[in-house]
Structure formats: C-alpha cells, structure tokens
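Observations on chain architecture
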Amino acid sequence: MTNKTALVISAHAADFVWRCGGAIALHAEKGYDVTVACLSFGERGESARLWKEGKSLDEVKAIRRGEAEAAAEKLGVTRLECFDLGDYSLVLEKEDKYRLVDLIREVQPAFMMSHSQYDPYNTDHMYMTQVALECRMIAQAWGHNPGQKVLGAPQLYLFEPHQTEQMGWKPDTFLDITPVWDKKRAAMECMNGQVHLWDYYTRVAQQRANHFKRNSGGMSGGRDCHYAEGFQSIFPRTVDEL
Ligand SMILES: [Zn+2]
C-alpha cells in the first residue's frame, strides 16, 4: 500500500513554513508523503534583509533556496519542488501551469493547501490560489492529456495569511499541532532573513490553540491544546452523518 499524500502550493519559499509547517510535520509523522511546490524563492519581495546586505539576485535566490530546503527537512517534507518562476510579480505562463497540473496528477493529493483568496498586501499570494484552483480544475479534466490518471476532488485548505483581518480569511478548521510544535519552530528558525516573524507566528499558533480549545468543547470537555493552525476550506464535505 502506498502512503497518503498531500500537496502544498506556496508562492514563495518561506510561506509554507509560517502558514502550514505544523500541518506538514503532523501529516508527515502520520505517514503522509507531503510535497511542497514553491513557485518562487520570494527573492525580490520577501528577502529585504539580504538586499540590504548588498547581495546579488543569484546570491539571494541561493540563500532562500537553502533556507527552504533546511526548513523542509525539519518538517519531514518528502519532496520540495522549486519552480523558480520569479516573484513580485509571480506569473505563470500556460506551460508553467501545465507543469503544476502534472505535479498535482503525479502526487494525487488527499488534500491541497494554498494561500488566502484575497491579499491586497501581496498579490502573488492571491494569484497563487487562483492558479491552484485553475490547475486543480485542469487536473480533473478527462480531456487534458487523455490517458493520465485524473484528479479526484481533494479539499483545498487556505492557510492563514499575514495581516489576517485584512484578508477576508475565515477559518473553519483548527488543527492541533502541539505534538509537532518543536519541528515547526525549528523550521521557522531556518528562515534567517525573517527573524522578526519567529515569535509572531509562535503567538499566532498560541491564539489558534485557544480557538481549538473553545471549539472542541471549551469549559465543558474541550481538549487542551497549546499550538494550532487555522484553515479555511473551499469545498463542501460529503458525509453520511452529522
Ligand atoms: Zn509569500
């Protein structure tokens, strides 16, 4: 029997670490093969410290790739696929989209993850989600590369954006990541260009843990939780019992 799989689609090299590093580490421990697609290294838009140090574009990209690889290893990522398409702005040509479709079909994820659908601070993020939905749709089409295995209907979970309240992002799922918190923190600490975010995302996880407790029963049998991640799901669930 082959392992279950998951696919994270990240606009920039570090996004998967802050926003769903816990989900990655948790599912890796559960035996999932987790693939992370980084469409760019965030070299122009999310590497300010390196530019201030006078690094060249190639140096910035190499450093960001190294950080992403180190973080992926801490989280137990099975495969890190770097598309290297450039950021600010991230643009996918048709062939790039087909490459992502190929990856989705190859992975056959049980669930997918990407950014919030709205992000006025970072249009790469919301563009990425639009493209993720587009490529998910193409991967489901029997008429696209007939003969390949088409995609089922994996959920697309939107992970928590920065500046949460400005994004129209509303979580409907809280995941307890307490058992893998040390791995997420270690992965965050691989991101040396964004030291200011380490404690910020620790606080976010603690806040979400409170929501986990409240929604799992609160003062009447709620489950204790120290760190959590929130997600907004796009598609309905199909159930036999409520
Ligand atoms: Zn980003």
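Criteria and cut-off values
Residues numbered from 1 in each chain as written. Predicted model: local features only at pLDDT ≥ 70, side-chain atom pairs only at ≥ 80, totals over all residues. Heavy atoms only, no water. Helix = DSSP H or I, 4+ residues; strand = E, 2+ residues; numbered from the N terminus. Rg over C-alpha atoms; globule rule 2.2 N^0.38 Å. Buried < 20%, exposed > 50% of the residue type's maximum accessible area, 1.4 Å probe, protein only. Contact = heavy atoms within 4.5 Å. Areas by Shrake-Rupley, 256 points an atom, 1.4 Å probe, with all protein chains shown as cover. Lys, Arg positive; Asp, Glu negative; His and termini not counted. Charge placed at Lys NZ, Arg CZ, Asp CG, Glu CD. Axes fitted to C-alpha atoms, helices over the stretch in contact; angles between N-to-C directions. Parallel < 35°, antiparallel > 145°, perpendicular 65-115°, else oblique. Left-handed = near helix turned anticlockwise from the far one by under 90°. 1 Å grid on protein atoms, 1.4 Å probe; cavity = no way out; pocket = protein on both sides within 12 Å on 5 of 7 lines; lining within 4 Å. Points joined across faces, edges and corners; volume = space filled by probe spheres on them. Nonpolar A, V, L, I, M, F, W, Y, C, P; charged D, E, K, R; others polar.

Named according to an unreviewed UniProt entry, the protein chain is 4-oxalomesaconate hydratase originating from Celeribacter persicus.

With that settled, consider the overall build of the protein chain. Helix and strand counts for the protein chain stand at seven helices and seven strands. Secondary structure elements of the protein chain occur, N-terminal to C-terminal, as β-α-β-α-α-β-α-β-α-β-β-α-α-β. Computed over its C-alpha atoms, the radius of gyration of the protein chain comes to 18 Å, within 12% of the 18 Å expected for a compact globule of 242 residues. Overall, the C-alpha framework of the protein chain stretches about 55 × 50 × 35 Å when taken along its three principal axes. Taking all 242 residues of the protein chain together, 50% fall into the buried category. At a minimum sequence separation of 6, the contacts of the protein chain that also span at least 24 residues come to 76%. Accessible area for the protein chain stands at about 11,900 Å²; split by element, carbon and sulfur atoms hold 49% of it. The average position of the 28 basic charges and that of the 33 acidic charges among the side chains of the protein chain differ by 3 Å.

A separate point is the packing of helix α1 (residues 15–29) against helix α6 (residues 181–188). For any two helices packed against each other, one specifies the crossing angle of their axes together with the interaxial distance. Running from N to C, α1 and α6 point in directions that differ by 135°, and their axes come no closer than 9 Å. By the angle between their axes, α1 is oblique relative to α6. Crossing hand, α1 versus α6: right-handed. Residues Val17, Trp18, Arg19, Gly21, Gly22, Ala25 and Glu29 of α1 pack against Lys183, Lys184, Ala187 and Met188 of α6.

A few words on empty space enclosed by the protein. For the structure on display, the rule yields one cavity of 30 Å³ or more. Its boundaries defined by the atoms lining it, the largest cavity holds a volume of some 70 Å³. For the largest cavity, the full set of lining residues is Trp18, Arg19, Glu160, Lys184, Tyr201, Val204, Ala205, Arg208, Ala228, Glu229 and Gly230. Taken together, the elements giving at least two residues each to the lining of the largest cavity come down to α1, α7 (196–215) and β7 (228–233). Tallying contributions element by element places α7 first for the lining of the largest cavity, with four residues. In terms of residue class, the lining of the largest cavity is made up of five nonpolar, one polar and five charged.

So, about the environment of Ala153. Looking at the element boundaries, Ala153 is found in the loop between α5 (123–139) and β5 (155–159). Judged by relative accessible area, which is 66%, Ala153 ranks as exposed. Residues Ala153 and Arg136 lie 17 residues apart in sequence; the distance between their C-alpha atoms is 8.5 Å.

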